[in-house]
Every structure is written in structure tokens, then in C-alpha cells.
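So you can see what is in the structure, the chains are spelled out below.
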Amino acid sequence: MTVPGKQHFGRFYDQVKQFDVTGKTLLIPDMAPFASRLLASSFHAVGVNALIMETYKGLSLGKEFTSGKECFPCQVTLGDILYFLRQEKERLGTAFAPDQYVYFLPEADGPCRFGMYNKMQRLVLDRFEEFRDVPITYVSTRNSYSTVDIMPAEAASIFRRLCYVTIIIADILDRIAWRVRPYELRPGLTDSFMEKALEALVEEVELKGASLELKGLFDIVEDAASTAKTFIDTRQPRRPLIGIVGEIYVRTHPDSNQHIVRVLERFGGEVVVASIGEWINYITYDMARDQKRRVKLALLKKDVGLLRGALNDLIPTQIEKYYQMARQRQIYNRALKHLDIQRDHAISMLEKRLDKDRLYSFDIGTESALSIGAALEHLHEGYSGIVNVYPFTCMPSAVCTAVLKPLLNKMRMPYIDAPYDGAIQPNREIALRTFLHQAKQHLESGNSGNRNGKAAKCHT
Ligand code: SF4
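Note that the structure is a prediction, hence the values are computed from the model and not measured.

## Things to note about the overall build of the chain
Line of reasoning, step 1. Looking only at helices and strands, one finds 16 helices and 8 strands in the chain.
Line of reasoning, step 2. For 460 residues, the compact-globule formula gives about 23 Å, and the C-alpha radius of gyration of the chain, at 22 Å, lands near that figure.
Line of reasoning, step 3. Expressed along its principal axes, the backbone C-alpha trace of the chain runs to roughly 65 × 65 × 50 Å.
Line of reasoning, step 4. Intrachain contacts of the chain at a sequence separation of at least 6 include 74% that bridge at least 24 residues.

Take a look at the structure:
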């Protein structure tokens, strides 16, 4: 039997690859609004001309060129790239040069389908003669999203540290907005202020990011938290706190989740969505976990060569893990001086939560580990309801539902699944409104505990 290889799938090798993108326009699909813009500014800081594409306008294209079996984020991002390229071709006419663009579509190392999005989208782009020369590049969870193969080594090293900081800052901006907006003195005050804060941050990243002078960024975050606090109408009672867990793209991309945060706020909730930093920290944590296992195996085998190799991998990963933890704490503390936003979860805590309850294991991996762990952690943090937001047919999210639904029901914690595939479900708002009503009752009954970490009443 012939093993399919380069001769059969040459385009997957030639036109889906890692290469130095300097001098090209890097096309990035939009995801979380603050994070996407700060990601682009981090690329700009190291000399890469990154561009966040307009999003969701091409959804019908994404649906037209897929069979319906693909994951929803694949359809949305495919629609974004097709829409962008068509617009660009129309705008530039004969000056349109496909090889001047590079489409950036990260991938994950199994077990689900995210690792195949860029290959599948290559097949679609190849159906258009004029887009065949637009290469696709990626970063991968396999080496913890290293950019060393897509930009010069020195730039990659700066980018790695800068990008981590800007992702944490984006998470904090979101958390400031979610903490303040439901109680704002005047509608629209928070959103317009946060946009200005974002602009200031983008400017600072582009100006000083390359030198890793971060103080100015941290100052802007602190100022944003202290100013946003003054927007709160303190006469308003605290609302039930709703935690959103689920698949990272759909839960953070407002168009894909039909603006669920704002819908829940409109129905009387205060919402916190699982952060992007949590996923980045998880990738590093999981890599260190694997490497520790290799060290143990080498010790058992008494194999010095294996041990040396495993330690050589483990030590830098551990350093990176502690760097991330310290940086994250440092930036959160600047905001927390002024405003009681929710802290992010430590990944080790989420793993303990799972191990303790014997519900799921980090050995299985995927986002289910984080979503189940975070939902259990929310039980102890004074939350009044959990929403699982995910693409319709998403495999890890279905696992999550199977575990969380009966468990939270038993614990009398309001829980709802919110799957999305781009269709408008007429009963969704009614379901969310009813869920919010239950969350309010949960809060009023005292089952939510308090926001300082007192355990919620558990009925197991
Ligand atoms: S996490 Fe869900 S949406 Fe993402 S690739 Fe896997 S199955 Fe698809």
C-alpha cells in the first residue's frame, strides 16, 4: 500500500507552511476584539505587517464552500478570508498580487479538527485561480505557538514575550468592561472609554513593544481600571455572576456567539468569559506535564541519555511557565488595585479540581479539561450560573456538556448549553432569559456564597 505523502498532498506542504513572513501582509482572522487588535499591534512592533480582516461579512461564502460537516469556526474564518480576498481583488484590480499576502491560521495538535482547518481551507482557496498563490502559515500548539519559523529569531523572541503580555492585557480589558458595563451610570460610557484605552495601548505597543518597555502599558491598564470604576452606579445591587466556558473561538468571537455577553447583561447578569490567557497558560502547563512524564520514564529506565534530553526540554518550559504566572499576576494586580475584576484561574488549580472530583483528566486534554475545571471552580467562587458556549457538533464541548449538565444540576447550579452554527434560533433568547431568572433565584437563595471565594452551597 502506498502511504500518501508529499507527491499526493504537495499543496499542503508547499502552500501551508512556516516561513519568514517579513515584508508580506499577514492576514489574521478576527476573534476576541481586544485580543485580535493587540495581537496585530504586537506583530507590527516586530516589523510584521499584520492585518485583522473584517469578520462575519463572508459567512455565506464560508457556508457555500463547506459541506456543513465542518466546525463552525472553520466556516467563519473561511468566509473571512474569501470575503477579504475578493474585496481586495476588486479594490486593486490588476495590481492585486496574491503572493504579497499570507493567511495566518494557527492549528492545534489534535485530537479534534482544528489541526485540519488550514489544510481544508487550502483546498478551497485552490479552487480560485487568483487565490492559489496566497500561502497559508501557522503557529502550532506542538511547540507552544512558537513563531521562530515565521519571523527572524530575535524578533520571535521579543514577540513571544510581548504577545503574552498583550494577551493578558486584552483579557483584563474585557474583565474591566464586563465588571463595569452592567452598572454604568450612562449607557455607552464603558464601551467608548474602553475603545480609547485600546487605542492608547495599541499605540504604546507599536511604539515601545520592540524594546519590551512595558511600564507604559501597565500604567494604561491601571488608569483604565481606576477610571472605569468611576462609571459604576454604586446604588445598583450586584447582579448574579455568570461564567461562560466552552470553545475558545465561539465564546470569544461576539458575532459567532450572537453577542451572548450583551444578551445576558440585558437580561440582568454580570458575565465573565473564560480568558484567552487561560488557554495559553494551559498549553505551556500541558507541555511541562508531558515533559515531566518523560523525565520519570527516563529515571525508571535508568537511561541517562533520555534523561538529559527530557530535562533539556523541561527546564525552559518550566521557566516559561513561571514567567507566565508571574507576569499575569503582575498585570492583574495593577488593575486589581482599583477594581475588583475576576482573577484568572491557575491551571494547576483546575487540574486539582478535576482530580479531586475524578470527573475528567488532563491526560485526555482538549478544552474540555479547562471548561469542566473552570465550571467547578466557579461553584466555589460565588457564581450563580454557568453557560457552555460552543460550535454546534463541537466534540470537546459535547464531552463537557455530558459531564457538566448532570453534575451542576445535582449541585443546583443553573447551567445552560449554548451551541452556535450561525442560525438564528427564535427560542434562544427565551431560554437565556429563563436561565438568568434561575441565576437570580440562586443568588437570592444564598446558594452562590459570596464573591470573596466562600464556597457555594453544595448538595452532593
Ligand atoms: S474544538 Fe470543537 S470547534 Fe474546535 S476543532 Fe475541535 S471539534 Fe471543532
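## Structural notes on the site of the ligand
Line of reasoning, step 1. In the region of the ligand, the neighbouring residues are C71, P73, C112, R113, F114, E247, E367, P391, C394, M395 and P396.
Line of reasoning, step 2. Looking at the shell around the ligand residue by residue, the class counts come to 8 nonpolar, no polar and 3 charged.
Line of reasoning, step 3. A domain split of the shell around the ligand shows at least three residues from each of domain 1 (14–148) and domain 2 (237–275 + 346–460).

## Section: the domain arrangement of the chain
Line of reasoning, step 1. Domain annotation for the chain reports domain 1 (14–148) and domain 2 (237–275 + 346–460).
Line of reasoning, step 2. Between domain 1 and domain 2, the C-alpha centre-to-centre distance is 30 Å.
Line of reasoning, step 3. On the domain 2 side, the residues contacting the 12 residues of domain 1 number 16 residues.
Line of reasoning, step 4. In terms of residue count, helix α4 (residues 72–92) provides more of the side of domain 1 that touches domain 2 than any other element does, 3 residues in total.
Line of reasoning, step 5. Taken together, the residues of the side of domain 1 that touches domain 2 break down into 11 nonpolar, 1 polar and no charged.

## Side note on the sheet that holds strand β6 (residues 270–273)
Line of reasoning, step 1. Strand order in the open sheet made by the 4 strands is β6-β5-β7-β8, with parallel pairing throughout. Bordering the open sheet on either side are β6 and β8 (415–420), each of which pairs with just one other strand. Neighbour-to-neighbour, the strand axes of the sheet open up by a mean angle of 25 degrees, direction not taken into account.
Line of reasoning, step 2. Of the pairings in the sheet, the one linking strand β7 (residues 385–391) to β8 comprises 6 bridges and is parallel in character. Paired with P391 across the two strands is Y420, which belongs to β8.
Line of reasoning, step 3. Helix-sheet contacts for helix α15 (residues 395–410) involve β5 (241–246), β7 and β8, and the interaxial angle to β7 is about 165 degrees.

## Overview of the environment of A32
Line of reasoning, step 1. Along the chain, the position of A32 falls in the loop between β1 (25–28) and α2 (33–45).
Line of reasoning, step 2. The exposure class assigned to A32 is buried, which follows from the 23 C-beta atoms found within 10 Å.
Line of reasoning, step 3. As a C-alpha pair, A32 and L264 span 232 residues in sequence and 18 Å in three-dimensional space.
Line of reasoning, step 4. Those residues in contact with A32 that lie beyond four places of it in its chain are A170, T252, H253 and I276.

## What about the sheet that holds β1?
Line of reasoning, step 1. Within the open sheet, the 4 strands sit side by side as β2-β1-β3-β4. Their pairing is parallel. Edge strands, defined here as strands with exactly one partner in the open sheet, are β2 (49–52) and β4 (136–137).
Line of reasoning, step 2. Alignment of β1 against strand β3 (residues 101–104), held across 3 bridges, turns out to be parallel. Bridge pairing in β3 places L27 opposite Y103.

## Structural notes on the packing of helix α7 (residues 189–208) against helix α8 (residues 215–229)
Line of reasoning, step 1. Here α7 crosses α8 at 170 degrees, and the two axes come no closer than 9 Å. For the element pair α7 / α8, the angle class is roughly antiparallel. The segment α7 lies against α8, with T190, F193, A197, A200, L201, E204, V205 and K208 engaging G216, L217, I220, A224, T227 and A228.
Line of reasoning, step 2. Class assignment of the residues belonging to the contact of α7 with α8 gives a composition of 9 nonpolar, 3 polar and 2 charged.

## Description of the nonpolar core
Line of reasoning, step 1. Core analysis: the biggest nonpolar cluster contains 123 residues, and L27, I169, I172, L173 and I176 have the highest contact counts within it.
Line of reasoning, step 2. Looking at which element gives the most residues to this core, the answer is helix α6 (residues 153–180), with 17 residues.
Line of reasoning, step 3. The residue makeup of this core includes at least three contributed by each of domain 1 (14–148) and domain 2 (237–275 + 346–460).
Line of reasoning, step 4. Among all residues touching L173, those that are not within four sequence positions of it are F34, M194, A197, L198 and A224.

## Brief notes about the environment of L408
Line of reasoning, step 1. Secondary-structure assignment places L408 in helix α15.
Line of reasoning, step 2. For L408, the residues in contact, after removing those within four places along its chain, are A375, I386, M413 and Y415.

## Side note on the pairing of β3
Line of reasoning, step 1. A two-sided burial pattern is seen for β3, the buried positions comprising Y101 and Y103 on one face and V102 and F104 on the other.
Line of reasoning, step 2. In terms of strand pairing, β3 meets β4 through 2 bridges, oriented parallel. By the bridge assignment for β4, F104 is matched with T137.

## So, the pairing of β5
Successive side chains on a regular strand alternate, one facing one side of the sheet and the next facing the other.
Line of reasoning, step 1. Where burial is concerned, most of β5 is hidden: 6 out of the 6 residues are buried.
Line of reasoning, step 2. Neither face of β5 is left uncovered, since the one carrying L241, G243 and V245 and the one carrying I242, I244 and G246 both have all their residues buried.
Line of reasoning, step 3. Looking at chain direction, β5 and β6 are connected through 4 bridges and run parallel. When the bridges of β6 are listed, I244 appears paired with V273.
Line of reasoning, step 4. Judged from the 5 bridges that link them, β5 and β7 form a sheet pairing that is parallel. Bridging across to β7, I242 finds its partner in G385.

What counts and how
- Residues numbered from 1 in each chain as written.
- Predicted model: local features only at pLDDT ≥ 70, side-chain atom pairs only at ≥ 80, totals over all residues.
- Helix = DSSP H or I, 4+ residues; strand = E, 2+ residues; numbered from the N terminus.
- Rg over C-alpha atoms; globule rule 2.2 N^0.38 Å.
- Contact = placed C-beta atoms within 7 Å.
- Near = placed C-beta within 6 Å.
- Nonpolar A, V, L, I, M, F, W, Y, C, P; charged D, E, K, R; others polar.
- Domains from an automatic or database assignment.
- Pairing = 2+ DSSP bridges.
- Axes fitted to C-alpha atoms, helices over the stretch in contact; angles between N-to-C directions.
- Buried ≥ 20, exposed ≤ 12 C-beta atoms within 10 Å, placed from the backbone.
- Parallel < 35°, antiparallel > 145°, perpendicular 65-115°, else oblique.
- Core = buried A, V, L, I, M, F, W, Y, C linked by C-beta atoms within 7 Å.

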